Amino acid sequence: MGLLRAACMLAILVSAAIGFRSYNAGSQIVALIPLAIGIAALIAIAPFAAYTRTSRTRVMRACILYTIGSGISFVLAVALDPTVPNLMTLVLPVLGAALSVWAYRTRGRHRVVGFANYYRG
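Residues numbered from 1 in each chain as written. Predicted model: local features only at pLDDT ≥ 70, side-chain atom pairs only at ≥ 80, totals over all residues. Heavy atoms only, no water.

Chemist: Break down the overall build of the protein chain for me, with residues and values.
Modeler: Helix and strand content of the protein chain: 5 helices and 2 strands. In the protein chain, the succession of helices and strands from N to C terminus is α-α-α-α-α-β-β. Relative to its full complement of 121 residues, the protein chain shows a buried share of 40%. Expressed as a percentage of contacts within the protein chain between residues at least 6 apart in sequence, the contacts between residues at least 24 apart total 72%. Of the roughly 7,000 Å² that the protein chain leaves accessible, carbon and sulfur atoms contribute 71%. (Helix = DSSP H or I, 4+ residues; strand = E, 2+ residues; numbered from the N terminus. Buried < 20%, exposed > 50% of the residue type's maximum accessible area, 1.4 Å probe, protein only. Contact = heavy atoms within 4.5 Å. Areas by Shrake-Rupley, 256 points an atom, 1.4 Å probe, with all protein chains shown as cover.)

Chemist: I'd like a description of the packing of helix α3 (residues 53–80) against helix α5 (residues 91–106), backed by residues and values.
Modeler: Packed helices, taken two at a time, are described by the angle between their axes plus the distance between the axes. The geometry of α3 relative to α5 is characterised by a closest axis approach of 8 Å and an angle of 165° between their N-to-C directions. Considering the angle they form, α3 stands roughly antiparallel to α5. Between α3 and α5 the crossing geometry is left-handed. Between α3, through Arg56, Val59, Met60, Cys63, Ile64, Tyr66, Thr67, Ser70, Gly71 and Phe74, and α5, the contact on the second element is made entirely by Leu92, Pro93, Leu95, Gly96, Ala97, Leu99, Ser100, Ala103, Tyr104 and Thr106. When grouped by side-chain class, the residues that make up the contact of α3 with α5 number 13 nonpolar, 6 polar and 1 charged. (Axes fitted to C-alpha atoms, helices over the stretch in contact; angles between N-to-C directions. Parallel < 35°, antiparallel > 145°, perpendicular 65-115°, else oblique. Left-handed = near helix turned anticlockwise from the far one by under 90°. Nonpolar A, V, L, I, M, F, W, Y, C, P; charged D, E, K, R; others polar.)

Chemist: I'd like a rundown of the packing of helix α1 (residues 2–24) against helix α2 (residues 29–45), residues and numbers included.
Modeler: It is the contact of α1 with α2, at a shortest axis distance of 10 Å, that shows an interaxial angle of 165°. One element, α1, and the other, α2, form an angle in the roughly antiparallel class. The two elements α1 and α2 meet at a crossing, and its hand is left-handed. Of α2, the residues touching α1 (which contributes Cys8, Ala11, Ile12, Ser15, Ala16, Gly19, Ser22 and Tyr23) are Ile29, Leu32, Leu35, Ile39, Leu42, Ile43 and Ile45. Here the contact of α1 with α2 is composed, by residue class, of 12 nonpolar, 3 polar and no charged.

Chemist: Account for the nonpolar core, naming residues and giving values.
Modeler: One finds Cys8, Leu42, Val59, Cys63, Tyr66 and Leu99 to be the most contacted residues of the largest nonpolar core, which totals 22 residues. At the level of elements, α1, α2, α3 and α5 are the ones that each hand at least two residues to this core. Ignoring anything within four residues of it in the chain, the contact list for Cys8 reads Leu42, Ile45, Cys63 and Leu99. (Core = buried A, V, L, I, M, F, W, Y, C linked by side-chain atoms within 4.5 Å.)

Chemist: Tell me about the environment of Gly19, and please be specific about residues and values.
Modeler: Position of Gly19 among the secondary structure elements: in helix α1. Assessed through its relative accessible area of 11%, Gly19 is described here as buried. Contact partners of Gly19, with chain neighbours within four places excluded, come to Leu32 and Leu35.

Chemist: Quick rundown of the side chain of Ser15? Include the residues and the values.
Modeler: Of note, Ser15 is situated in helix α1. Ser15 gets classed as buried once you look at its relative accessible area, which sits at 0%. A distance of 2.7 Å separates a polar atom in the side chain of Ser15 from the backbone oxygen of Ala11. If near-sequence neighbours (up to four positions away) are discounted, Ser15 is found in contact with Leu35, Ile39, Tyr66 and Leu92. (Polar contact = N/O pair within 3.5 Å; in protein donor to acceptor, adjacent residues only side chain to side chain.)

Written as structure tokens, this is what we have:
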């Protein structure tokens, strides 16, 4: 689960950078609000370790919310102003989908006592 946390933190940084670049290129703020909501969901879960099934399900839900938010942001940004920086936001829903699939596949794992950071699938 530590790798998924690191990937979520990386997704936060990449999303912020692409969103900032899109905003500087003239994208309207309305198109970036769903992205900000998705980033906020990832920020809420990223600092905490998820050792139980309920906390892993929370991580999966946050990743799905990020995917939906970034997808809506992509559609709005391209519909309002189809420029290259706005087309770069296509990377974000793909990244969110990868995080969501990863979180879905690891949500049922449980910790094995005696093995540090080892999960049985």
